[in-house]
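# Structural description and commentary
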Amino acid sequence: MMSPTPSRGCLLDLPWEDILVPHILCHLPLQQLLSLQRVSKSFQSLIQLYLANMRCFDSSQIGPAIPRAAFVNLLKDNEVLQQLVLQNCSDWLTDRELLPVIGQNHHLHHIQLKGCAQLSRHALVAISLSCPNLRRLSLAHCEWVDSLSLRSLADHCKVLEAVDLTACRQLKDEAICYLAQKCGRLKSLSLAVNANVGDVAVEEIAKCCPELEHLDLTGCLRVKNDSIRVLAEYCPKLRSLKVKHCHNVAESSLSILRNRGVELDVEPPLQRALVLLQDVVGFAPFINLQI
């Protein structure tokens, strides 16, 4: 007698929640997963289950631009997000689309809203009230961030470790000081391209955030040598400091950090002079630096 032909198993026969969602689908790009929805109703149900249990959403995985309706549909059933990265959404993303997602996801610890210019201060207040475990937040080029919304963030998100406030031009020293006082675990902070930030804020950051490793003050024209010296005194873990275009910060204060091995984006005066000379004469002159 001939043995019966063994039946061929189907991918969908595997346990969805125990195998497919956590161990297989998580390795596929989001754009491919969305395409799978068109294969059959069963695949559509599987992908919907995956989207509802997705821990990380990065809009750049979908393509150069994600449609508003697609964003709303993808995250409507998800309540377990831990990371939310929104890029190329500035043309359409408003509080109306973002707030429901924030309101139903209380486990978020990483949010990136860089360049999302059409949001309002209510978005940051919603984040502060809904995400007590938030650790990383990027609000770069979000000029709607104001002092009151930043205070709300500082009051409710005490475990923040990295905040990017690049070009948040409404913020002044007082708001930055409040953030530093409430969020002493900060390891990375960017205040770049903000002419309102000065020594008062930098000194308060130095005194309140001893874990600080990275600080970006690029273009902060009011920052001077005194606050850089305080930074050197109070932040022993500092690894990098950006002070390019801070015209009132000189080598007299930077040399303290430079000698400690801190990475700086400003070269020492002698090296800058050598680079300029090389550009002018077309070769690097030999100079005995030990003299």
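Small disclaimer: the values here were computed from a predicted structure and weren't measured. (Residues numbered from 1 in each chain as written. Predicted model: local features only at pLDDT ≥ 70, side-chain atom pairs only at ≥ 80, totals over all residues. Heavy atoms only, no water.)

### Brief notes about the packing of helix α10 (residues 225-234) against helix α11 (residues 251-259)
Any two packed helices are characterised by the angle at which their axes cross and by the distance between the axes. Applicable threshold: A fitted line through C-alpha atoms represents every axis, and for helices the fit uses only the stretch in contact; the resulting angles, taken between N-to-C directions, go from 0 to 180 degrees. Comment: elements are numbered from the N terminus, with helices defined as DSSP H or I runs of at least four residues and strands as E runs of at least two. In this scheme, roughly parallel covers angles under 35 degrees and roughly antiparallel covers those over 145, while 65 to 115 is roughly perpendicular and the rest are oblique. By definition, any crossing whose near helix is turned counterclockwise from its far helix by less than a right angle is left-handed, and any crossing with a clockwise turn is right-handed. The contact rule is simple, with two residues in contact once any of their heavy atoms fall within 4.5 Å. Each residue is assigned to one class: nonpolar for Ala, Val, Leu, Ile, Met, Phe, Trp, Tyr, Cys and Pro, charged for Asp, Glu, Lys and Arg, and polar for all the others, Gly among them.
Relative orientation of the contacting elements α10 and α11 amounts to 15 degrees, with a least axis distance of 8 Å. The pairing of α10 with α11 is recorded here as roughly parallel in orientation. The interaxial crossing formed by α10 with α11 has left-handed handedness. Mapping the contact onto sequence places Asn225, Ile228, Arg229 and Ala232 in α10 and Ser252, Ser253, Leu254, Ile256 and Leu257 in α11. Broken down by class, the residue content of the contact of α10 with α11 amounts to 5 nonpolar, 3 polar and 1 charged.

### Observations concerning the nonpolar core
Going by this rule: Within this scheme, the nonpolar core is defined by two criteria: the residues are buried Ala, Val, Leu, Ile, Met, Phe, Trp, Tyr or Cys, and they are joined through side-chain atoms within 4.5 Å. Per-residue accessibility, obtained with a 1.4 Å probe over protein chains only, is compared with the maximum for each type, and a residue is labelled buried under 20%, exposed over 50%, and partly exposed between these values. The domain boundaries here were taken from an automatic or database domain assignment.
In this structure, Phe57, Leu84, Leu86, Leu139, Leu165, Leu217 and Leu241 are the most contacted members of the largest nonpolar core, which totals 85 residues. Three or more residues apiece are contributed to this core by two domains, here domain 1 (15-53) and domain 2 (57-277). Setting aside residues up to four positions removed in sequence, Leu84 forms contacts with Phe57, Leu75, Leu98, Val101, Ile102, Leu108, His110, Ile111 and Gln112.

### Notes on the sheet that holds strand β5 (residues 162-164)
Selection rule: For two strands to count as paired, DSSP must find a minimum of two bridges between them.
In space, the 9 strands of this open sheet follow the order β1-β2-β3-β4-β5-β6-β7-β8-β9, with parallel pairing throughout. The open sheet has two free edges, formed respectively by β1 (56-58) and β9 (263-264), since each of these has just one partner strand. Relative to strand β6 (residues 188-190), β5 runs parallel, the two sharing 3 bridges. Note on β6: the bridge partner recorded for Val163 is Leu189.

### Remarks on the pattern of salt bridges
A side chain of one charge can pair with a side chain of the opposite charge if their charged atoms are brought near each other. Keep this limit in mind: In what follows, salt bridge is the name for a side-chain nitrogen of Lys or Arg lying within 4 Å of a carboxyl oxygen of Asp or Glu.
Scanning the model with the defined rule gives 9 salt bridges in all. Among the ionic pairs, Arg229 bridges to Asp226, the shortest N-O distance being 3.4 Å. Placement of the pair is Arg229 and Asp226 together in helix α10, with a separation of 3 residues, close to one helical turn. Judged by relative accessible area, which is 34%, Arg229 ranks as partly exposed.

### Some thoughts on the state of the cysteines
Here is the rule: Disulfides are defined as pairs of cysteine sulfur atoms found within 2.5 Å of each other.
The tally for this structure, following the rule as stated, stands at 0 disulfides. Of all cysteine sulfurs, the one in Cys142 lies closest to Cys168, which takes part in no disulfide; the gap is 6.0 Å. You can call Cys168 buried: its relative accessible area is 0%.

### Quick word on the packing of aromatic side chains
Under the convention used in this document: Pairing of aromatic rings covers Phe, Tyr and Trp, the last through its six-membered ring, and needs centres within 6.5 Å; plane angles under 30 degrees mean stacked, over 60 mean edge-to-face, and all others mean tilted. A positively charged side chain is recorded as over a ring if its NZ (Lys) or CZ (Arg) lies within 6 Å of the ring centre. The angle to the ring normal must also be within 35 degrees.
In total, this model carries 2 aromatic pairs according to the counting rule given. Centroid distance Phe71 to Trp92: 5.5 Å. Interplanar angle 55 degrees. Geometry classified as tilted. Here the residue Phe71 occupies a position in helix α4 (residues 68-75), and Trp92 occupies one in the loop between β2 (83-85) and α5 (95-103), the gap between them amounting to 21 residues. Comparing Phe71 with Trp92, the two get one shared label, buried. Members of the aromatic cluster, joined through ring pairs, are Phe57, Phe71 and Trp92. The ring of Tyr178 has Arg151 lying over it, and the distance from NZ or CZ to the ring centre is 3.8 Å.

### Structural notes on α4
Helical geometry note: an α-helix holds 3.6 residues per turn, so side chains three or four residues apart project in the same direction. Applied cut-off: Within this analysis, the arc is defined by the directions that extend from the helix axis to the C-beta atoms.
Regarding α4, the residues found buried are Phe71, Leu74 and Leu75. Down the axis of α4, the sector holding all buried residues measures 80 degrees, keeping them to one side. Close packing links the buried residues of α4 with α2 (30-36), α3 (41-52), β1, β2 and α5.

### Observations regarding the environment of Val145
You can see Val145 is positioned in the loop between β4 (136-138) and α7 (147-156). With relative accessibility at 0%, the residue Val145 sits in the buried group. With 25 residues separating them along the chain, Val145 and Ser120 place their C-alpha atoms 7.3 Å apart. When neighbours within four sequence positions are excluded, Val145 is seen to be in contact with Leu124, Leu139, Cys168, Gln170 and Leu171.

### Details of the confidence of the model for the protein
If pLDDT is low for a region, its predicted coordinates should not be looked at in detail. As a reminder of what qualifies: Confidence of the predictor in every single residue is expressed as pLDDT, which spans 0 to 100.
When pLDDT is averaged along the protein, the result is 87, and 84% of the positions lie at 70 or above. Low confidence marks residues 286-291, where pLDDT is under 50. Its contacts with residues over four positions away, or in another chain, come to 2 contacts.

### Side note on the environment of Arg121
Note that Arg121 resides in helix α6 (residues 121-130). The exposure class assigned to Arg121 is partly exposed, which follows from its relative accessible area of 27%. Among all residues touching Arg121, those that are not within four sequence positions of it are Trp144, Asp146, Leu148 and Ser149.

### Here's the deal with helix α9 (residues 199-208)
Every buried residue of α9 is accounted for by Asp199, Ala201, Val202, Ile205 and Ala206. Viewed along the axis of α9, the buried residues span an arc of 165 degrees, placing them on a single side of the element. Where α9 is buried, its residues meet α8 (173-182), β6 and α10.

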